[in-house]
Amino acid sequence: MNLENLTTERRNQETMNLDKLTIKEALDKMNQEDQKVALAVKEALPQIEPVIESIIAAFNNGGRLIYMGAGTSGRLGVLDAAECVPTFGVDASMVQGLIAGGQKAMTVAVEGAEDSRELGQQDLVDLALTDKDVVIGIAASGRTPYVIGALIYADSIGAATASISCNKEAEISQYAQMPIEVDAGPEFLTGSTRLKSGTAQKLILNMLSTISMIGIGKVYNNLMVDVKPTNEKLVERSKRIIMEATNCDYETAADYFVKADENVKLAIVMLLTNSSKEEAVEKLNQGNNFIKNTI
């Protein structure tokens with residue numbers, strides 16, 4: 001295995017003396033390196049856009065978004081998928097994260113799991129992948145066999161495929177219909193891809209899930225109107241969202257929150273259109289679940 005040509009494995013000439021720096025100097029240097037990440041992601045926006053378009057199309061056709069990765073890359077995919085449930089009120093099956101080695105690999109490294117193409121394919125078989133789904137392989141190095149095996153299988157059954165790597169001309173890009181490549185330069189700490197590479201991947205995953213959810217009506221203005229009020233904090237946030245969306249007072253928001261059976265989007269439509277709950281449901285159905293189409 002030849003890693004010497006990978007940006008993520010090269011030594012950073014700006015951080016050769018980390019062990020001699022003061023804490024303040026190390027912080028300044030790390031912050032300087034981190035600032036390069038967002039600019040590198042900006043250059044990849046033209047590659048990210050068609051992936052989001054594909055995800056929206058899949059969601060509208062009953063398909064799912066599946067993230068695949070190993071180590072830090074896999075954990076970031078699992079995290080992004082898990083956050084979609086409370087933020088956007090979707091079923092846990094709609095966005096899923098798979099990590100080489102299974103759930104135990106979230107906290108403990110599973111030796112050899114990422115080196116198996118067969119395991120990547122089998123995890124998608126077990127998930128009953130279909131041609132309606134989108135599979136996104138995540139690998140900082142851009143060469144993880146687990147991810148490559150998943151992408152090959154997904155493509156073979158007609159699913160849409162994309163990849164996220166932190167090296168140019170990455171190997172996994174050859175197996176993805178829509179490759180995303182970000183080069184933020186060598187890591188602050190040589191080879192530690194949980195740092196700048198992980199940050200780049202997180203920024204991209206934020207874009208993929210959030211903007212895709214906007215594209216299917218999960219957002220009104222800049223408010224998360226399909227939030228699930230699963231705890232006291234989220235109940236209060238739900239009421240504030242209703243207030244912000246309709247310019248009503250707290251008491252009215254709380255009242256309609258109850259009338260709408262704690263469905264924030266429904267409460268907003270009821271208030272904005274002066275409708276009953278049943279009428280608001282019909283308006284949303286006719287408006288393809290977008291509040292903007294009901295007013």
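Residues numbered from 1 in each chain as written. Predicted model: local features only at pLDDT ≥ 70, side-chain atom pairs only at ≥ 80, totals over all residues. Heavy atoms only, no water.

**Student:** Can you help me understand the packing of helix 1 (residues 23-43) against helix 2 (residues 45-60) in this one?
**Tutor:** Packed helix pairs are characterised by how far apart their axes lie and by the angle those axes make with each other. At their nearest, the axes of helix 1 and helix 2 sit 5 Å apart, and the two run at 65° to each other. Residues Val41, Lys42 and Glu43 of helix 1 form the contact with helix 2, whose participating residues are Leu45, Pro46 and Ile48. Considering only residue class, the contact of helix 1 with helix 2 consists of 4 nonpolar, no polar and 2 charged. (Axes fitted to C-alpha atoms, helices over the stretch in contact; angles between N-to-C directions. Helix = DSSP H or I, 4+ residues; strand = E, 2+ residues; numbered from the N terminus. Contact = heavy atoms within 4.5 Å. Nonpolar A, V, L, I, M, F, W, Y, C, P; charged D, E, K, R; others polar.)

**Student:** How should the sheet that holds strand 4 (residues 160-165) be read in this particular structure?
**Tutor:** Sheet strands pair by backbone hydrogen bonding; their relative direction is either parallel or antiparallel. Strand order in the open sheet formed by 5 strands is 2-1-3-4-5, and the pairing between neighbours is parallel. Pairing within the sheet leaves two strands with one partner each, and these edge strands are strand 2 (95-99) and strand 5 (178-181). When strand polarity is set aside, the average angle formed by the axes of neighbouring strands in this sheet is 15°. For strand 3 (residues 134-139) and strand 4, the ladder comprises 6 bridges, and the chain directions are parallel. Its bridge partner lying in strand 4, Ile138 is registered against Ile164. Contacts from helix 4 (residues 117-126) reach strand 1 (65-69), strand 2 and strand 3, with the element oriented near 155° to strand 1. Across the sheet, helix 5 (residues 145-156) touches strand 1, strand 2, strand 3 and strand 4, and the angle it forms with strand 3 is around 160°. (Pairing = 2+ DSSP bridges.)

**Student:** Sorry if this is basic, but what is going on with the nonpolar core here?
**Tutor:** If you look at the biggest cluster of nonpolar residues, it comprises 38 residues, and the most contacted ones within it are Tyr67, Val95, Ile136, Leu208 and Met213. Listed by contribution, the elements that provide at least two residues to this core are helix 1, helix 2, strand 1, helix 3 (71-88), strand 3, strand 4, strand 5 and helix 6 (196-214). When residues no more than four places from it in sequence are discounted, the contact partners of Met213 are Phe59, Cys84, Phe88, Val90, Met94, Val95, Lys218 and Val219. With 23 residues, the next largest nonpolar core counts Ile242, Cys248, Tyr256 and Leu284 among its residues. (Core = buried A, V, L, I, M, F, W, Y, C linked by side-chain atoms within 4.5 Å. Buried < 20%, exposed > 50% of the residue type's maximum accessible area, 1.4 Å probe, protein only.)

**Student:** Mind showing me how you'd approach the pattern of salt bridges here?
**Tutor:** It is possible for side chains bearing opposite charge to pair when their charged atoms get close. Summed over the entire model, instances satisfying the criterion amount to 10 salt bridges. In this structure, the salt-bridge partner of Asp255 is Lys259, at a minimum N-O distance of 3.2 Å. Within this pair, Asp255 and its partner Lys259 are both found in helix 8 (residues 250-259), separated by 4 residues, close to a single helical turn. Here the residues in one salt-bridge network are Glu33, Lys36 and Lys196, joined through shared partners. (Salt bridge = Lys/Arg side-chain N within 4 Å of Asp/Glu carboxyl O.)

**Student:** Before we go on, may I ask you to explain the environment of Val182 in this structure?
**Tutor:** With respect to the helices and strands, the residue Val182 is situated in the loop between strand 5 and helix 6. Between the alpha carbons of Val182 and Val264 there is a distance of 37 Å; along the sequence they are 82 residues apart. Residues within four places of Val182 in sequence aside, it is in contact with Ala40, Val41, Ala44, Ser165, Cys166, Asn167, Ala200 and Ile204.

**Student:** What am I meant to see in the packing of helix 8 against helix 9 (residues 264-273) here?
**Tutor:** Interaxial distance between helix 8 and helix 9 falls to 8 Å at its minimum, and their mutual angle equals 115°. Read as a crossing pair, helix 8 and helix 9 show a hand that is right-handed. Judged by residue contacts, Thr252, Tyr256, Phe257 and Lys259 of helix 8 engage Val264, Ala267, Met270 and Leu271 from helix 9. A class-by-class count of the residues in the contact of helix 8 with helix 9 yields 6 nonpolar, 1 polar and 1 charged. (Left-handed = near helix turned anticlockwise from the far one by under 90°.)

**Student:** Mind showing me how you'd approach the state of the cysteines here?
**Tutor:** Structurally, a disulfide amounts to a covalent bond that connects the sulfur atoms of two cysteines. For the structure on display, the rule yields 0 disulfides. With no disulfide of its own, Cys84 lies 20 Å from the sulfur of Cys166, the closest cysteine sulfur. Accessibility expressed as a relative area gives 5% for Cys166, which makes it buried. (Disulfide = S-S within 2.5 Å.)

**Student:** Any chance you could explain the pairing of strand 4 here in plain terms?
**Tutor:** Here is the key point about a regular strand: its side chains alternate between the two faces of the sheet. Within strand 4, 6 of the 6 residues are buried, leaving the element largely enclosed by the surrounding structure. Alternating positions in strand 4 separate into two faces, Ala160, Ala162 and Ile164 on one and Thr161, Ser163 and Ser165 on the other, with burial throughout.

**Student:** Any chance you could explain the packing of aromatic side chains here in plain terms?
**Tutor:** What describes a pair of aromatic rings is the distance from one ring centre to the other and the angle between the planes of the rings. Evaluation of the coordinates by the stated rule reveals 0 aromatic pairs. If you follow Lys259 out to its NZ or CZ, it ends over the ring of Tyr256, 4.6 Å from the centre. (Phe/Tyr/Trp six-rings, centres within 6.5 Å; stacked < 30°, edge-to-face > 60°. Lys NZ or Arg CZ within 6 Å of the ring centre and 35° of its normal.)

**Student:** Whenever I open this one, the side chain of Gln96 confuses me. Can you help?
**Tutor:** As for its placement among the helices and strands, Gln96 is situated in strand 2. Take Gln96: its relative accessible area is 18%, and that puts it in the buried class. Within the local environment of Gln96, its side chain forms a polar contact with the backbone oxygen of Ser93, the two atoms lying 2.9 Å apart. In this view, Gln96 contacts Arg64, Leu65, Ile66, Tyr67, Ala81 and Leu127; residues no more than four positions away in its chain are not counted. (Polar contact = N/O pair within 3.5 Å; in protein donor to acceptor, adjacent residues only side chain to side chain.)

**Student:** Looking at this model, I keep getting lost on the pairing of strand 1. Mind explaining?
**Tutor:** In terms of residue burial, strand 1 counts as a mostly covered element, since 5 of its 5 residues are buried. For strand 1 and strand 2, the ladder comprises 5 bridges, and the chain directions are parallel. Across the sheet, residue Gly69 finds its bridge partner in strand 2, namely Ile99. As a crossover connection, the stretch from strand 1 through helix 3 into strand 2 is right-handed. (Right-handed = clockwise from strand over helix to strand, strands pointing away.)

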